[in-house]
Amino acid sequence: MNTLPVESPRLPKSSSGLATNPIDIKRIVYHAITKWYLIAASLLICLAIAYYNNRYTQRIYPISASIIIKEKEEASGGAEILYKNALIDQYRNYLNEPYILRSYPLVAKTCEELGFTSTFYLEGRVITTEIYKSVPVKISVEKITGKTTSDYQFVLLDEKKFLLGRYDGDKLNTFEVGKPFEFDNRQMVVNQIEELSLAEHVNKKYKLVLRTPMQAAGEYVGKLNVKWAEKGAGVMNLNMVGTNPEKEIDFINCLVKNYQQLDLEKKNVTADRTVAFIKEQLINISDSLRMFESKLQQFKKSNRTTGDLSLDAQRLYAKVEGLEVQKAELLIRRNYYQYLTKYMNESKNLDQVILPSSMGISDPILNTLLAKVVDLQMEVKLYFDKERSPNPLMSSRIARLNELKKELNESVGNLRNTDNIKLEFLNKQTADVEKQIGYLPLAQRQLISIQRNYSLLENLYVYLMQKKAEAEISKASNISDLAIVNPAMLAGGAIVPKTRQNLTIGAVVGLLIPLLVFVLLEYLNVRVQSKEDIEKFTAIPFIGGIGHKKSEFNLEVLAAPKSVIAESFRALRSNLNFFIGKKEKAVFLITSSISGEGKTFTSINLASVFSLSGRSTLIVGADMRKPKLFKDFDASNDVGLSTFLAGMADFGTVVQKTKYPNLDLVSGGPVPPNPSELLLQPRLKEFMDEARARYDYVIIDTPPLALITDAFPLADHVDHTIFLVRQNYTPKELLKVGQDYYASGKLKNISIVFNDVYRSGPGYGYGYGHGYGYTYGGYGYGRRKKGDSDYYS
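For clarity, every value in this text was computed on a predicted model and none was experimentally measured. (Residues numbered from 1 in each chain as written. Predicted model: local features only at pLDDT ≥ 70, side-chain atom pairs only at ≥ 80, totals over all residues. Heavy atoms only, no water.)

Run through the overall build of the protein chain, naming residues and quoting values.
Helix and strand counts for the protein chain stand at 22 helices and 21 strands. Counting the 793 residues in the protein chain, one finds 47% classified as buried. At a minimum sequence separation of 6, the contacts of the protein chain that also span at least 24 residues come to 80%. As presented, the protein chain carries roughly 39,900 Å² of accessible surface, and 54% of it is formed by carbon and sulfur atoms. (Helix = DSSP H or I, 4+ residues; strand = E, 2+ residues; numbered from the N terminus. Buried < 20%, exposed > 50% of the residue type's maximum accessible area, 1.4 Å probe, protein only. Contact = heavy atoms within 4.5 Å. Areas by Shrake-Rupley, 256 points an atom, 1.4 Å probe, with all protein chains shown as cover.)

Account for the nonpolar core, with residues named and values stated.
With 44 residues, the main nonpolar core has Leu618, Phe687 and Ile700 as its most contacted residues. In this view, Phe687 contacts Val620, Leu641, Phe644, Phe651, Val654 and Val666; residues no more than four positions away in its chain are not counted. With 31 residues, the next largest nonpolar core counts Val557, Ile565, Phe630 and Leu724 among its residues. (Core = buried A, V, L, I, M, F, W, Y, C linked by side-chain atoms within 4.5 Å.)

Can you break down the packing of helix α1 (residues 25–34) against helix α2 (residues 36–56) residue by residue, with the values?
Running from N to C, α1 and α2 cross one another at 70 degrees; their axes reach a closest spacing of 4 Å. Judged by the inter-axis angle, α1 sits roughly perpendicular to α2. Facing Ala32, Ile33 and Thr34 of α1, the residues of α2 in contact are Trp36, Tyr37 and Ile39. (Axes fitted to C-alpha atoms, helices over the stretch in contact; angles between N-to-C directions. Parallel < 35°, antiparallel > 145°, perpendicular 65-115°, else oblique.)

Talk me through the packing of aromatic side chains; I want residue IDs and the actual numbers.
Scanning the entire structure with this criterion turns up 25 aromatic pairs. On the basis of an interplanar angle of 25 degrees and a centroid distance of 5.3 Å, the ring pair of Phe154 and Phe162 is categorised as stacked. The structure contains a cluster of three or more aromatic residues connected by ring pairs, namely Phe120, Tyr152, Phe154, Phe162, Phe175, Phe181, Phe183 and Tyr206. In this structure, Lys207 packs its charged tip against the face of Tyr167, placed 5.0 Å from the ring centre. (Phe/Tyr/Trp six-rings, centres within 6.5 Å; stacked < 30°, edge-to-face > 60°. Lys NZ or Arg CZ within 6 Å of the ring centre and 35° of its normal.)

An account of α1 is requested, with residue identities and associated values reported.
When we look at burial in α1, the residues that qualify are Arg27, Ile28, His31 and Ala32. Angular distribution of buried residues about the axis of α1 spans 140 degrees; they occupy a single face of the element. Along α1, the residues that are exposed and aim more than 90 degrees away from the buried face are Ile25 and Ile33. The secondary structure elements touched by the buried residues of α1 are α2, α12 (499–524) and α13 (531–537). Its side-chain oxygen at 3.0 Å from the backbone nitrogen of Lys26, Asp24 defines the N-terminal cap of α1. (Arc of directions from axis to C-beta. Polar contact = N/O pair within 3.5 Å; in protein donor to acceptor, adjacent residues only side chain to side chain.)

Pulling in residues and values, what's your account of the pairing of strand β9 (residues 186–192)?
Judged from the 7 bridges that link them, strand β4 (residues 137–144) and β9 form a sheet pairing that is antiparallel. What sits directly across from Lys138, in β9, is Asn191. Where strand β8 (residues 181–183) meets β9, 3 bridges bridge the pair, whose relative direction is antiparallel. Each residue of the ladder has a partner; that of Phe183, found in β9, is Arg186. (Pairing = 2+ DSSP bridges.)

Lay out a nonpolar patch on the surface with the relevant residues and their values.
On the surface, Ile505, Val509, Ile513, Val517 and Leu521 cluster together into a nonpolar patch covering about 400 Å² of accessible area. Relative to the elements of secondary structure, Ile513 occurs in helix α12. (Patch = residues over 30% accessible without salt bridge, like charges linked within 9 Å, V, L, I, M, F, W, Y side chains within 5 Å. Salt bridge = Lys/Arg side-chain N within 4 Å of Asp/Glu carboxyl O.)

Go over the sheet that holds strand β20 (residues 720–726), please, and point to the residues and values.
In spatial order, the strands read β14-β21-β20-β15-β19-β16-β18-β17; together these 8 strands make up an open sheet with mixed pairing. Single-partner strands in this sheet number two, and they are β14 (542–547) and β17 (655–657). Strand-to-strand twist in this sheet, taken as the mean axis angle between neighbours without regard to direction, amounts to 25 degrees. Sheet topology places strand β15 (residues 586–592) next to β20; 5 bridges connect them, and they run parallel. The partner of Phe588 across the bridge, within β20, is His720. In the packing of helix α16 (residues 599–612) onto the sheet, the strands contacted are β14, β15, β16 (617–621), β18 (663–666), β19 (697–701), β20 and β21 (750–757), and the crossing angle to β19 comes to about 170 degrees.

Which residues make up the confidence of the model for the protein chain, and what values do they have?
Detailed conclusions should not be drawn from predicted coordinates in areas where pLDDT is low. Considering every residue of the protein chain, the mean pLDDT works out to 82; 82% of them sit at 70 or more. pLDDT under 50 marks residues 1–18. Its contacts with residues more than four places away, or in other chains, come to 46 contacts. Residue range residues 768–791 is modelled with pLDDT below 50. Its contacts to residues more than four positions away, or to other chains, number 53 contacts. (pLDDT = per-residue confidence, 0-100.)

Below you can see the structure in the form of structure tokens.
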């Protein structure tokens, strides 16, 4: 038989003697090993959830494309008129391009062109899948006349008929393919797509979602991401994600096509406006030119002359002609200024203004102001195409736009004043020349006047015709500045779900959940489980352990002297010798922190092993509040310790013989009103002296220390105190009670016995590899059943 060696007292884990780590790693590992099936079940469940998520989550794919905005083209020679023309080379703010690409009008036009306003879905048992380009019908909504819903049921009956109804309703209406009809405040028509067969779609129930172009645009504006490839580059990257890669690829390709078309239309609008402005000027000049041409012919006919001028007249005419050319240019500028002022004050599309450079005006201040106006107008227009609600930022932009308009009008006014000064100077010079012409003969003067006006109008007409030709050539040669670098394509596999990541997370979570449960249970477990728990909370020496009993019978040693529990008490008897030394007689006090930890059971069986060894032994029931020790021996409680201490009986009267040799009993006696005061009487010393004199060993069963202080008066008369701790019953915090008494010296010669040890393994029991070398069989370690705690007192 192996017995536990007595260990020297250990210092507490901290200065206060309390444990700093309430979690026992060995115990958690032991739980994980013994309850592996729970971990396996958790792992399988989490992996099943991950698989289900991977299987039924809709795949989301990344789509990407890239375009480039060309810079000014290099040209030389005759190509200058095509590629360096102000009609083509307009001001362009590249920072606006990502916003234009994501503008609602452009995206809405794309969605409408691709038919994204109507979407079919096929409902499965778990997920609903969008059907793209396979349903053989196209739905066109001509007009919305009132409030509508968006979700409908759609069923093809045959090639000519179909059913349509609200998705949340039971009634389905029959309509004909190809014929306009009105339903739910929508005027629409369903047409067959000739390339697709109707047969495989007959009697299939689809979910139909109808949206306006702006509603469809809202979804794609949110999904589309447009960024410059890098700072200073002319390449933009377009990225988006979606559940249907073919649909998203079609969207990006169509969006880029419409963007190119928009860019080209913008250039053509500018050219068209320029041509229209020039044509309006040419109409006015043409009438005047024909009139003066007629006067010139009439003058030649009436004066019978060929129209040749004298040398003096030619010289003066050349001067006048040069002055009139300059005045003609100023006249064109004045007309442009009138157009610009009217356009700024009346038009809302300021980004379509005719540029001053197309009229030969190269004033840098005017060009800069006009460029800023166009830029701000574009920002405001893009915002109000998307939002209707007021915005403080946009309010400041509009205020700045109005300020720029004022500055632009002021600049135009300054240019007009400058031109007026030039015109006055030219008029003065013209007047000087006309004065000299006045000295010429009448016929020469008349001819110079007619030719002068005719030449002026002819020069204006030629100049404007040249500008008109340039504008028309520019329009004919216009190409978009946008070019596709990479067409829309899949940018890899599905990004959702991440199958490997989900399975990995499922496996990790499946393992962590039971482990965390074990950790939580260990953290919340406030009861003593092992010798290590005892050592964490107290420095009281550990003397040994007692196994678990399953019966309600307390006389285990006497009933089965060779049982495992009997052997554990013999080991305890042997270990007590290390504390009492070579004393032939000894008194032991049995106590604990609370009731139910086995004090009576331990007292009876420890006394039994002493009696079986042939030594006279007395058991004293010192719990006078709840006396019950006598019940196990079928003895009487009429007299006992209380009657002796009260002076109502002598020692011989209170001692009761049991039916077991060498074993006597002193019961607690009738319950007195003042048990604590009785223990303070001098008769207690008389009782203890008499017991020592008559018996070899005295075992005293006392009340719990944490509740009652009755054990302290008795402790002064004993040789050793045994403090009981019960596995999975004694709260860890109550170990501090014994530790405090031990540290303060109130209880001396004390040791701990670990009682009712029924769990074994790492983190349980009172030593792995120690013990008695026996298997416990019927008394073996195992799960405590309901009611087991009642077996101990």
